[in-house]
Amino acid sequence: PEETVTGSFASFIHAALPEHLSQTVRHRSKRMILDSLGVGLVGSTTRVFDIALRYCRELYSSVAVSSVYGKPGVKLSPTLAAFTNGVATHSMDFDDTWHPATHPSGAVLPALLAASQMLPPNTKPNGLDFLLAFNVGLEVQGRLMHFSTEAHDIPKRFHPPSVVGTLGSAAAAAKLLSLSSSQCGHALGIAASLAGAPMANAATQAKPLHVGNAARLGLEAALLAARGMEANPSILDDIPGCSGFGAFYGVYRPKPLSAPGEHREFLLEKQDIAFKRFPAHLGMHWVVDAALSVRNLFVNYAGSFSPSLIRTIVLKIPASKYIDRPFPSSEHQARHSFQFNACAALLDGEVGLGSFSESSIQRQELRELLDKVVVEHPEDNVANFDKMYGEVALLLHSGDVLTGKCDTFYGHWRKPLSKESLLKKFRSNASHVLPEEKVEAIIALVDDLENLSDSSQL
């Protein structure tokens, strides 16, 4: 394998032995260790230590009160339940996507579900409280995303849910826990110190951790603030010489958030959400719809789909490196591959849960199609979920060219899923782990959420 910086670090870690340490290194490092132990011991007399210790003893105790998706009877501590359920939400990249680009629900909902079960019986939030807290979490995420023009395009550095999602989770939990105004500010400040994950872990098993951690760490931030922990009260401001939340962006222009009221709309009012029809990165939905369109043309042209008639498959897609993967070798890579999703749609006439199994990915006929793919990045096709398009052209051995193009896929905020389609998706997904009566009960609970007396019933 080609030597990499990361590889060199890993090799060093693995190969290091005690005898590699000089006397000078040993002497200086022992001084550091001794000093650090002393600092830690005296630090145990401080209030912030007491808050952290009390928090851990209370929430990581043997009393597990919060439920885990798909595991009847299994309970975890609230923050670990939020983490686990957040990971589940993003495990297939099947969760909703907003614009500017982030996955807002997965970072907030698991935290609220866990917190609802954590609260004592006489303080359980009702459904309307729950709904409000959820929207507060969405609003905070959306506003933060609008503070930088970088965020409007498909990201290159930080995975947005790990950044704005963590603060959104903190805001939602702070609202549900009825924290004071100053405590809410501290929750955001604490969350900012827990936020951030690099885009390099996209298309790996680590990516779902970004959403799990956002849910968990945002809830932790709110719980710590509730216990008196403080943070920089100006964390979201742009203060020269002192990076706050703006550290996550090259250009950061925060704006104050006005109080809710009749003259102010929630962002969700103005910007709808995208729901995915199959479990893959949102960008894949454009190329799949384009591929299905050209496949229909091809079947009408040839009578059936015959790959041997195709000389070249041209994909016209935005330039975005982490989702431009010519030959994916794992399910997570396949979910982030324009090439794979286009070819799977061409070959099978659909993309679904089974498309990302190992047997499906390794099919010889699929690999032969992938060999025919050529990628182009037209200047007008920008890496932006509100402006991009997908185009798939089949260049046939006969000299004919068939083209399919998608500007707005079904499920995009400009072309929302119908109620029937959304219910079909939910029933299909939920039925993998729940019996029909419970699937229908959830639908009924959510539909009447405003009138639910105890949101922990969810």
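Conventions adopted
Residues numbered from 1 in each chain as written. Predicted model: local features only at pLDDT ≥ 70, side-chain atom pairs only at ≥ 80, totals over all residues. Heavy atoms only, no water. Helix = DSSP H or I, 4+ residues; strand = E, 2+ residues; numbered from the N terminus. Rg over C-alpha atoms; globule rule 2.2 N^0.38 Å. Buried < 20%, exposed > 50% of the residue type's maximum accessible area, 1.4 Å probe, protein only. Areas by Shrake-Rupley, 256 points an atom, 1.4 Å probe, with all protein chains shown as cover. Lys, Arg positive; Asp, Glu negative; His and termini not counted. Charge placed at Lys NZ, Arg CZ, Asp CG, Glu CD. Expected span 1.5 Å × (residues − 1). Contact = heavy atoms within 4.5 Å. Core = buried A, V, L, I, M, F, W, Y, C linked by side-chain atoms within 4.5 Å. Domains from an automatic or database assignment. Buried area = accessible area lost by both parts, 1.4 Å probe. Salt bridge = Lys/Arg side-chain N within 4 Å of Asp/Glu carboxyl O. Polar contact = N/O pair within 3.5 Å; in protein donor to acceptor, adjacent residues only side chain to side chain. Pairing = 2+ DSSP bridges. Axes fitted to C-alpha atoms, helices over the stretch in contact; angles between N-to-C directions. UniProt positions renumbered as here; feature names shortened; annotations may be inferred.

## Remarks on the overall build of the protein
Check the secondary structure of the protein and you find 17 helices and six strands. In terms of C-alpha radius of gyration, the protein reaches 25 Å, essentially the compact-globule figure of 23 Å for 458 residues. Its C-alpha atoms give the protein principal-axis dimensions of about 80 × 70 × 45 Å. A buried classification covers 45% of the 458 residues belonging to the protein. In the form shown here, the protein has an accessible surface area of approximately 23,000 Å², with 56% of it arising from carbon and sulfur atoms. A distance of 5 Å separates the average location of the 41 positive side-chain charges in the protein from that of its 45 negative side-chain charges.

## Details of helix H6 (residues 127-145)
Helix length check: H6 (19 residues) gives 27 Å between terminal C-alpha atoms against 27 Å at 1.5 Å per residue, within 8%. Among the 19 residues of H6, 14 are classified as buried, and the element is accordingly described as predominantly covered.

## Structural notes on the environment of Asp237
Tracing the sequence through the fold places Asp237 in the loop between helix H9 (207-226) and helix H10 (267-270). Judged by its relative accessible area of 41%, Asp237 falls in the partly exposed class. Placed 15 residues apart in sequence, Asp237 and Tyr252 show a C-alpha to C-alpha distance of 9.3 Å. When sequence neighbours within four positions are dropped, the list of residues in contact with Asp237 reads Tyr252 and Pro254.

## Points about the nonpolar core
Residues Leu112, Leu144, Leu167, Leu219, Phe245 and Tyr249 are the most contacted members of the largest nonpolar core, which totals 56 residues. Residue assignment for this core shows that the elements contributing at least two residues are helix H3 (47-59), helix H4 (78-90), helix H5 (104-118), H6, helix H7 (160-176), helix H8 (181-192) and H9. It is H7 that provides the largest number of residues to this core, a total of nine residues. In this structure, Val294, Ile323, Met388 and Cys406 belong to the second largest nonpolar core, which totals 49 residues.

## Overview of the domain arrangement of the protein
We note that the domain assignment places domain 1 (5-277 + 416-457) and domain 2 (282-406) within the protein. When each unit is reduced to the centre of its C-alpha atoms, the spacing between domain 1 and domain 2 is 34 Å. Counting from both sides, the interface comprises 22 residues of domain 1 and, opposite them, 18 residues of domain 2. Across the interface of domain 1 and domain 2, roughly 1,800 Å² is buried in total on both sides, 62% from carbon and sulfur atoms. Contact with domain 2 buries surface across domain 1, with Ile154, Ala203 and Arg277 losing the most and accounting together for 37% of the total. Counting across the domain 1 and domain 2 interface gives one salt bridge.

## Topic: the environment of His281
Along the chain, the position of His281 falls in the loop between H10 and helix H11 (284-302). Sequence separation of His281 and Arg335 is 54 residues, and the distance between their C-alpha atoms is 5.9 Å. Aside from chain neighbours lying at most four places away, what touches His281 is Asp93, Lys207, Lys276, Tyr322, Ile323, Arg335, His336 and Phe385. A distance of 2.9 Å separates a polar atom in the side chain of His281 from the backbone nitrogen of Gly283.

## So, the pattern of salt bridges
Overall, the coordinates contain eleven salt bridges when judged by the stated rule. Of the charged contacts in the structure, one is a salt bridge between Asp93 and Lys207, with a shortest N-O distance of 2.7 Å. Pair noted here: Asp93 is in the loop between H4 and H5 and Lys207 is in helix H9, with a separation of 114 residues, a long-range link. Residue class for Asp93 comes out buried when judged on its relative accessible area of 3%. Its relative accessible area of 3% is what places Lys207 among the buried residues. One salt bridge connects Glu139 with Arg143, and the closest N-O pair in it is separated by 2.9 Å.

## Focus on the side chain of Ser169
By secondary structure assignment, the location of Ser169 is in helix H7. Given the relative accessible area of 0%, Ser169 is considered buried. Looking at Ser169, its side chain comes within polar contact range of the main-chain oxygen of Ala215, at 3.0 Å.

## Considerations on the sheet that holds strand E5 (residues 390-396)
Judged by pairing direction, the sheet is mixed, and its four strands sit side by side in the order E4-E3-E5-E6 without closing on themselves. A single partner strand is all that each edge strand has here, and the edge strands are strand E4 (373-376) and strand E6 (401-406). Recorded for the sheet is a direction-independent mean angle of 20° between the axes of neighbouring strands.

## A few points about the UniProt feature "domain: MmgE/PrpD C-terminal" (unreviewed entry) in the protein
UniProt annotation of "domain: MmgE/PrpD C-terminal" (unreviewed entry) refers to residues 278-450 when read in the numbering used here. Here residues 278-450 is 40% helix and 14% strand, with 29 Å between the C-alpha atoms at its ends.

## Quick notes on the pairing of E5
Burial analysis of E5 places seven of its seven residues in the buried class, the great majority of the element. Every second residue of E5 is oriented toward a common face, with Gly390, Val392, Leu394 and Leu396 on one face and Glu391, Ala393 and Leu395 on the other, all of them buried. As judged from the six bridges shared by E5 and E6, these two strands associate in the antiparallel manner. Bridge assignment links Ala393 to a residue of E6, and that residue is Thr403.

## As for the side chain of Asn384
Mapping Asn384 onto the fold places it in the loop between E4 and E5. Separated by 2.7 Å, the side chain of Asn384 and the backbone nitrogen of Asp386 make a polar contact. Apart from the residues lying within four places of it in its own chain, the contact partners of Asn384 are His99, His152, Asp153 and Ile154.

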